[in-house]
Amino acid sequence: MKAAIITGINQISVETVPDPTCGENEVVVQVAASGICGTDLHILEGEFAPTLPIIPGHEFSGTIVEVGSKVSDYKVGQKVAVDPSLHCGYCFYCKRARGNLCENWGGIGISIPGGAAEFSAVPAKNLYLLPDEIDVRNASLIEPLSCAVRGYDVLPRMPGSHYLIYGSGTMGLMMMELARRNGAASVSMVDINEKRLETARTLGITKLATSADEFESERGWDVVIDCTGNEKAIQDAIPRTMPGGTFLQFGVANTHAKVEINPFWVYNKEITIAGSMAVLHSFERAGDLLAAGVLNPDVMISHRFGLDDFPKAVQMFKDGIGRKMTIEPGLK
Ligand SMILES: [Zn+2]
Ligand SMILES: [Zn+2]
């Protein structure tokens with residue numbers, strides 16, 4: 001089969017490799033679409049993957065073409081999305097139902113071969129069966145949406161809250177859509193890239209700016225969410241949290257990034273600083289939300305590429321062009 005491979009730091013190629021073999025508790029999925037995200041860039045930069053080379057792609061969906069001998073709940077022809085989470089189930093954190101903090105944490109497309117290929121062998125327990133409402137080519141959105149749902153699991157949900165979101169890329173837009181469904185009184189979005197803000201405008205957001213200074217807000221915001229992972233943005237964002245409010249670190253910063261906080265202010269104003277990491281029991285709910293129309297896939301997915309264009313797609317993503325890009329092996 002054909003697959004995109006990260007062969008070394010900042011090295012990508014598209015090669016022919018052996019087809020995956022189906023383990024007894026696995027299925028083989030013929031990939032319909034596999035999304036590209038910031039995590040792939042981190043892997044490319046040598047920050048995330050335990051070992052290279054790796055077939056990336058942790059946001060994917062497709063059709064089952066082979067079923068392992070011990071799998072009874074799925075059959076060939078079914079359309080599925082794949083939760084990339086590989087939690088061991090027996091470590092300290094798994095036993096506390098915090099599998100996303102697993103001491104033996106891994107991910108499909110991160111620590112084992114992923115979906116940027118024609119086929120991928122995945123554990124049957126990681127499958128989400130697609131309802132009819134979801135087009136299989138759009139189901140690659142479920143994984144990033146499940147990370148956003150996890151973010152809301154750690155946030156207080158108080159109707160009438162004012163939200164401030166940094167970054168209007170795919171994740172910022174998903175956090176925005178979930179804010180509206182959680183009863184936001186207002187959602188304000190900041191992005192230094194004015195072009196990106198246009199999409200938020202299309203989706204009906206009116207409070208948009210290239211700096212949060214442009215907004216009038218006497219007290220700050222109940223919930224401030226960083227979706228950039230950028231040090232400068234995070235430094236700017238944290239102090240805008242309203243007394244009693246919550247700052248959520250959602251964007252993936254570089255591992256050594258640092259920002260300053262004022263501990264007296266955190267104490268005195270009862271500020272909560274929270275983090276949320278990947279997916280935790282949120283994949284099915286994200287699928288159900290996508291089926292319910294929480295996202296407009298035609299707005300979220302800006303570019304669809306064939307496998308051969310994987311390096312080009314990564315470069316465009318790096319350059320900040322577009323929103324979610326998918327690799328669709330069915331496209332030539
Ligand atoms: Zn991702
Ligand atoms: Zn574990």
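Keep in mind that this is a model prediction, so the values were computed, not measured. (Residues numbered from 1 in each chain as written. Chains lettered and ligands numbered in written order. Predicted model: local features only at pLDDT ≥ 70, side-chain atom pairs only at ≥ 80, totals over all residues. Heavy atoms only, no water.)

Q: What's the story with the sheet that holds strand β11 (residues 186-190) in this structure? I'm lost.
A: Sheets are built from strands that pair by backbone hydrogen bonding, the pairs being arranged parallel or antiparallel. Pairing is parallel in the open sheet, where six strands are placed in the order β12-β11-β10-β13-β14-β15. Strand pairing shows two members of the sheet lacking a second neighbour, β12 (207-209) and β15 (272-275), which therefore form its edges. Along the sheet, successive strands turn relative to each other by an average axial angle of 15 degrees, direction set aside. Across four bridges, strand β10 (residues 162-166) lies against strand β13 (residues 221-226) in parallel orientation. Each residue of the ladder has a partner; that of Y166, found in β13, is D226. Sheet strands in contact with helix α5 (residues 194-202) are β11 and β12, and its direction is about 175 degrees off that of β12. (Pairing = 2+ DSSP bridges. Helix = DSSP H or I, 4+ residues; strand = E, 2+ residues; numbered from the N terminus. Axes fitted to C-alpha atoms, helices over the stretch in contact; angles between N-to-C directions. Contact = heavy atoms within 4.5 Å.)

Q: Looking at this structure, I do not really get the coordination of the zinc ion (ligand 2). What am I missing?
A: Tetrahedral metal sites with four donors have an ideal angle of 109.5 degrees; octahedral sites with six donors have ideal angles of 90 or 180 degrees. For the zinc ion (ligand 2), every protein donor is listed as C88 (SG), C91 (SG), C94 (SG) and C102 (SG), and the spread of their distances is 2.3 to 2.4 Å. Geometry at the zinc ion (ligand 2) is tetrahedral, judged from its four donor atoms and the angles of 102 to 115 degrees they form at the metal. Positions of the donor residues of the zinc ion (ligand 2), expressed as sequence spacing, correspond to C-x2-C-x2-C-x7-C. (Donors = N, O, S within 2.8 Å, 3.2 Å for Na, K, Ca; no water. Tetrahedral: all angles 85-135°; square planar, octahedral: opposite > 155°, others 65-115°.)

Q: When you look at the coordination of the zinc ion (ligand 1) in this model, what are you seeing that I'm missing?
A: Only C37 (SG), H58 (NE2) and E59 (OE) from the protein reach the zinc ion (ligand 1) as donors, at distances of 2.1 to 2.3 Å. One chain supplies every donor for the zinc ion (ligand 1), spaced along it as C-x20-H-E. Judged on exposure class, the residue H58 and its partner E59 are both buried. (Buried < 20%, exposed > 50% of the residue type's maximum accessible area, 1.4 Å probe, protein only.)

Q: Sorry, what's going on with a nonpolar patch on the surface here?
A: Residues L101, W105 and M277 make up a contiguous nonpolar surface patch of roughly 240 Å² in combined accessible area. Position of L101 relative to the elements: it lies in the loop between α2 (92-95) and β7 (106-107). (Patch = residues over 30% accessible without salt bridge, like charges linked within 9 Å, V, L, I, M, F, W, Y side chains within 5 Å. Areas by Shrake-Rupley, 256 points an atom, 1.4 Å probe, with all protein chains shown as cover. Salt bridge = Lys/Arg side-chain N within 4 Å of Asp/Glu carboxyl O.)

Q: Please clarify how the side chain of T170 should be interpreted in this entry.
A: Summarising the element assignment, T170 is placed in helix α4 (residues 170-181). Those residues in contact with T170 that lie beyond four places of it in its chain are M300, R323 and K324.

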